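Geometric and topological summary
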Amino acid sequence: ALKDKLVQAGLTVNLPQYLQYRTTLNGLWSPVYGKVGFLSSQLYEYDMNLVFGAGLMGTQTTLDQEGKQTEHTPTFTAEVGAGFRFWMNETFALRIGYRHYFYAAKGGGFSKPAEFSIGFSYFTGGPE
């Protein structure tokens, strides 16, 4: 739909390969963990982490200029990244992360998409 709108506007768009799905199995290592106090009233915890993983990625490749002939290509992918978590209390944490993916591109070489994320974590507290 976006491609049709760009063509109608007189713009030529040729995306030879684009992502359809991705699944990865990750490991997360937190070499830095600490606590910081604000106004000496409460301590807040944080950690910095490194992410590594491998998985499967599915892409769709365009075989002609009109985009009518396509091919589904599953391929293996590797992932590396880093992140930061800041606990606001025992239940909530703020997350910031960066991840970089590597997979074989159609026609040779490697594609290297990247991801930046910001989010919240909620901890349910487990049985006691």
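Below is a short write-up of the structure. (Residues numbered from 1 in each chain as written. Predicted model: local features only at pLDDT ≥ 70, side-chain atom pairs only at ≥ 80, totals over all residues. Heavy atoms only, no water.)

A separate point is the pattern of salt bridges. Counting across every chain of the model gives 3 salt bridges. Close ionic contact of Arg22 with Glu115 constitutes a salt bridge, the shortest N to O distance being 3.4 Å. Of this pair, Arg22 sits in strand 1 (residues 17-38) while Glu115 sits in strand 6 (residues 114-122), and the two are 93 residues apart along the sequence. A relative accessible area of 35% places Arg22 in the partly exposed class. Residue Arg85 is joined to Asp47 by a salt bridge in which the shortest nitrogen-to-oxygen separation is 2.9 Å. Residue Arg85 is located in strand 3 (residues 70-87), and its partner Asp47 is located in strand 2 (residues 42-62); the two are separated by 38 residues in the primary sequence. Its relative accessible area of 21% is what places Arg85 among the partly exposed residues. (Salt bridge = Lys/Arg side-chain N within 4 Å of Asp/Glu carboxyl O. Helix = DSSP H or I, 4+ residues; strand = E, 2+ residues; numbered from the N terminus. Buried < 20%, exposed > 50% of the residue type's maximum accessible area, 1.4 Å probe, protein only.)

This part is about a nonpolar patch on the surface. A cluster of nonpolar side chains, Trp29, Leu50, Phe52 and Val80, forms an exposed patch at the surface whose accessible area comes to about 420 Å². If you trace the backbone, Trp29 turns up in strand 1. (Patch = residues over 30% accessible without salt bridge, like charges linked within 9 Å, V, L, I, M, F, W, Y side chains within 5 Å. Areas by Shrake-Rupley, 256 points an atom, 1.4 Å probe, with all protein chains shown as cover.)

Bridge analysis of strand 3 against strand 4 (residues 92-104) gives 11 bridges, and the strand direction is antiparallel. If you follow Ala78 over to strand 4, its bridge partner there is Phe102. Between the antiparallel neighbours strand 3 and strand 4 lie 4 residues. (Pairing = 2+ DSSP bridges.)

The topology assignment puts Gln42 in strand 2. Residues Gln42 and Asn89, 47 residues apart in the sequence, show an inter-C-alpha distance of 9.9 Å. Excluding residues that lie within four positions of it along the chain, Gln42 makes contacts with Val36 and Gly37. Of the polar contacts made by the side chain of Gln42, one reaches the side chain of Tyr44; its length is 3.4 Å. (Contact = heavy atoms within 4.5 Å. Polar contact = N/O pair within 3.5 Å; in protein donor to acceptor, adjacent residues only side chain to side chain.)

So, on to the environment of Gly53. Structurally, Gly53 is set in strand 2. Under the relative-accessibility criterion, Gly53 is labelled buried at 18%. As for Gly53 and Glu79, which are separated by 26 residues in sequence, their C-alpha atoms are 5.0 Å apart. Residues in contact with Gly53, not counting those within four places in the same chain, are Leu25, Asn26, Thr77, Ala78 and Glu79.

No statement about biological role is implied by the geometric values presented.
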